[in-house]
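# A structural walkthrough
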Amino acid sequence: MSANPYPLGLWLAGLRAVVVGGGAVATRRVPALLDAGADVLLVTPELTPALRAHADAGRLRWVPRRFVPDDLDGAWLVQVAVDDPAAAAEVSSAAAERQIFCVRADDRRAATAWTPAVTRYGPVTVAVLGGGDPRRAVTVRDAIRTLLHERTGPFLSDSVEQGPPVNTRSAVDVLPGRTGRGGRVALVGAGPGDPELITLKGWRLLTEADVVVADRLVPGLLLDELRSGVELVDASKIPYGPSRAQEEINQILVDRALAGAFVVRLKGGDPYVFGRGGEELLACAAAGVPVTVVPGVTSSIAAPAAAGIPVTHRAVAHEFTVVSGHVAPDSPDSLVRWDALAGLRGTLVILMGLRNLPAITATLLTHGRPADTPVAVVQEATTGAQRIIRSTLGEVAADTAAAGLRPPAVVVVGDVVVALGGLLGTEGR
Ligand SMILES: C[S@@+](CC[C@H](N)C(=O)[O-])C[C@H]1O[C@@H](n2cnc3c(N)ncnc32)[C@H](O)[C@@H]1O
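In the Pathway (unreviewed entry) part of its UniProt record, the chain is described as follows: "Porphyrin-containing compound metabolism; siroheme biosynthesis; sirohydrochlorin from precorrin-2: step 1/1." For the chain, the Catalytic activity (unreviewed entry) comment in UniProt is given as "precorrin-2 + NAD(+) = sirohydrochlorin + NADH + 2 H(+)".

This is how it looks when you write it as structure tokens:
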């Protein structure tokens, strides 16, 4: 009589799972057991560096010897990840005697449990068994993963989650909130410009949103893919000055969430890097609205990277400083010690600095940063409109003006600008 496998989700938190073997298969299997909270006992004379790191960090217990049947005492599950069929069979038979399910990497027909191909999407876990063909399972799993990323909606959202609490590996669930109507806000970093540079979590939340409040600098293509019926608020079109506009944005976030909506506040780069994300979080906190913060790829690192510039490089720069140049160095409102920055050797990344670039470079030169320090300016990094110029601290203000560069742009100062020899395309110098 042929039979089919019986699918189950195992709640292994605090329960003993024994892994026999310390090679590549064990290295792949252990993280999911740890993620499930299992009490992992690893039995193997030798192990990979990745497994040793888990052992060193105290995430599992390593028994550095060959398997003996007593290793299974108290176990609920055993994973056999050894190549030697005789050694694997010994574990199998010890497991069978104790009525413990046994996964066999070497011979699935001899196993009493199979590990599926898995994809996770927020609170949803999809596990695929391929009828004994692991490649078929992976192919189907990949197709489902693509569907989930392309065609999801609110039915997959955390807010409709039921049953035991699931660790959705949340970004930063900063505020538990007390709205009681299911409304909530996610502050999501959209990345610097290339729509593929949003995080998976950010993208998922975006596809689940009822309302999206978007900044001027967020990649337009992300908005193109929102599901129909989403209310899109263009925050850059809100009239009034910057501080009044920010109050309006805060109010929109709070009002929509209190009305029960899932609001995604989509911000360029990272929400907390000159992004006023903190103010929005505080406004939500004051109104009792729960907030999740999803960090983003910030232009302060991505724009240099897009120009072939690492912000740190061995033996070149051991520090990088990110600073806003939107306030002139001699303004009483400036919070930046430009004189101190001039004394640093490392990388200086200046955001919002084009308008004040002549004054900024003059101040850095006055306070001792050498005039021949390499500088690059990267405009609209990671987009099709990206432009790069390379210059020096003494000449970059004039070169930028001559090239007609305009915001958004990042200015990178320091030897890292030439560390990789200008591997990517340049313009101007
Ligand atoms: C208000 S700040 C927001 C920064 C954003 N939160 C981040 O983490 O990238 C806007 C400034 O970021 C920089 N910026 C943002 N996107 C950029 C891009 N694609 N290329 C170059 N600079 C960019 C520019 O200096 C721009 O004036």
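Attention now goes to the overall build of the chain. Helix and strand counts for the chain come out as twelve helices and 18 strands. Here the chain holds 429 residues, and 45% of them are scored as buried. Pairs at least 24 apart in sequence give 65% of the contacts found in the chain among residues at least 6 apart. Each charge sign in the chain was given a centre, from 41 positive and 44 negative side chains, and these centres are 2 Å apart.

Right, let's get into the side chain of T363. If you trace the backbone, T363 turns up in helix α11 (residues 357-366). Not counting the four nearest positions on each side in its chain, T363 is found in contact with P329 and W338.

We now examine the site of the ligand. Around the ligand sit 17 residues, and of these P192, V273, T298, S299 and A409 come closest. Between the ligand and the protein, one listed contact pairs an oxygen atom with a backbone N or O atom of M352 at 2.9 Å. Looking at side-chain class alone, the shell around the ligand contains eleven nonpolar, four polar and two charged residues.

If you trace the five strands from one edge of the open sheet to the other, you get β14-β15-β18-β16-β17, paired in mixed fashion. Edge positions in the open sheet fall to β14 (320-324) and β17 (387-392), since each of these has one partner strand only. Averaged over all pairs of adjacent strands, the angle between strand axes in this sheet comes to 20°, irrespective of strand direction. As judged from the six bridges shared by strand β16 (residues 374-379) and β17, these two strands associate in the antiparallel manner. Pairing of V378 across the sheet is with I388, part of β17. This element, helix α9 (residues 299-306), spans β14, β15 (347-351), β16, β17 and β18 (409-413) of the sheet and lies at about 75° to β18.

In this structure, V19 sits in strand β1 (residues 16-20). The spatial distance from the C-alpha of V19 to the C-alpha of D415 is 49 Å, given a sequence separation of 396 residues. In contact with V19, not counting residues within four places along its chain, are A26, V30, L33, V40, L41, L42, V43 and Q79.

Residues Y6, L8 and L10 make up a contiguous nonpolar surface patch of about 400 Å² in total accessible area. Mapped onto the elements of the fold, Y6 is located in the segment before β1.

Let's shift gears to the UniProt feature "active site" (unreviewed entry) in the chain. Here, the residues flagged by UniProt with the feature "active site" (unreviewed entry) are D215 and K237. The named residues occupy 23 residues along the chain; their greatest pairwise C-alpha distance, 9.1 Å, places them in one compact cluster. If you trace the backbone, D215 turns up in the loop between β10 (211-214) and α6 (220-224). According to the relative accessible area criterion, D215 is partly exposed, its value standing at 23%. Ignoring any residue separated from it by four or fewer positions in sequence, one finds D215 in contact with A235, R265, L266, K267 and G268.

Before going further, it helps to examine unusual backbone geometry. Glycine aside, residues mostly have negative phi angles, and peptide bonds mostly take the trans form. That bond from P407 to P408 is cis: its omega, -5°, falls within 30 degrees of zero. Among the structural elements, P408 can be located in the loop between α12 (396-403) and β18. Non-glycine residue R276 carries a positive phi angle of around 60°. Relative to the helices and strands, R276 is located in the loop between β12 (262-267) and α8 (277-287). With phi around 55°, M352 is a residue other than glycine that occupies positive phi space.

Another point: the UniProt feature "domain: Tetrapyrrole methylase" (unreviewed entry) in the chain. Those places that UniProt annotates as "domain: Tetrapyrrole methylase" (unreviewed entry) correspond, in this numbering, to residues 185-396. Taken end to end, residues 185-396 comprises 31% helix and 21% strand; its first and last C-alpha atoms sit 41 Å apart.

This paragraph deals with the packing of α11 against α12. The N-to-C vectors of α11 and α12 enclose an angle of 160°; their axes lie 9 Å apart at closest approach. Taken together, the axis directions place α11 and α12 in an arrangement best described as roughly antiparallel. The crossing of α11 and α12 is right-handed. Only V396, A397 and T400 of α12 make contact with α11, whose side of the interface consists of L357, P358 and T361.

Two descriptors summarise a pair of aromatic rings, namely the distance from one centre to the other and the angle between the planes of the rings. In the structure shown here, the tally under the stated rule is zero aromatic pairs. A cation over an aromatic ring shows up here: R184 above the ring of F262, its NZ or CZ 3.9 Å from the ring centre. The ring of Y121 is capped by R204, whose NZ or CZ atom sits 5.7 Å from the centre of that ring.

The next subject is the pairing of β15. Most of β15 is tucked away: five of the five residues are buried. Burial of β15 is two-sided: the residues T347, V349 and L351 facing one way and the residues L348 and I350 facing the other way are all buried. In this structure, β14 lies alongside β15, joined through five bridges in parallel fashion. Looking at the pairing, T321 lines up with L348 of β15. In this structure, β15 lies alongside β18, joined through four bridges in antiparallel fashion. The residue of β18 that forms the bridge with V349 is V412.

To continue, consider the sheet that holds strand β5 (residues 101-104). Read from one edge to the other, the open sheet built from five strands follows the order β3-β2-β1-β4-β5, with strand pairing classed as parallel. Edge strands, defined here as strands with exactly one partner in the open sheet, are β3 (61-63) and β5. For this sheet, the mean angle separating the axes of adjacent strands, direction not counted, is 20°. The strands touched by helix α1 (residues 24-35) within the sheet are β1, β2 (39-43) and β4 (75-80), with β1 carrying the most contacts at an inclination of about 175°.

Rules used throughout
Residues numbered from 1 in each chain as written. Predicted model: local features only at pLDDT ≥ 70, side-chain atom pairs only at ≥ 80, totals over all residues. Heavy atoms only, no water. UniProt positions renumbered as here; feature names shortened; annotations may be inferred. Helix = DSSP H or I, 4+ residues; strand = E, 2+ residues; numbered from the N terminus. Buried < 20%, exposed > 50% of the residue type's maximum accessible area, 1.4 Å probe, protein only. Contact = heavy atoms within 4.5 Å. Lys, Arg positive; Asp, Glu negative; His and termini not counted. Charge placed at Lys NZ, Arg CZ, Asp CG, Glu CD. Near = heavy atom within 4 Å. Polar contact = N/O pair within 3.5 Å; in protein donor to acceptor, adjacent residues only side chain to side chain. Nonpolar A, V, L, I, M, F, W, Y, C, P; charged D, E, K, R; others polar. Pairing = 2+ DSSP bridges. Axes fitted to C-alpha atoms, helices over the stretch in contact; angles between N-to-C directions. Patch = residues over 30% accessible without salt bridge, like charges linked within 9 Å, V, L, I, M, F, W, Y side chains within 5 Å. Areas by Shrake-Rupley, 256 points an atom, 1.4 Å probe, with all protein chains shown as cover. Salt bridge = Lys/Arg side-chain N within 4 Å of Asp/Glu carboxyl O. Parallel < 35°, antiparallel > 145°, perpendicular 65-115°, else oblique. Left-handed = near helix turned anticlockwise from the far one by under 90°. Phe/Tyr/Trp six-rings, centres within 6.5 Å; stacked < 30°, edge-to-face > 60°. Lys NZ or Arg CZ within 6 Å of the ring centre and 35° of its normal.

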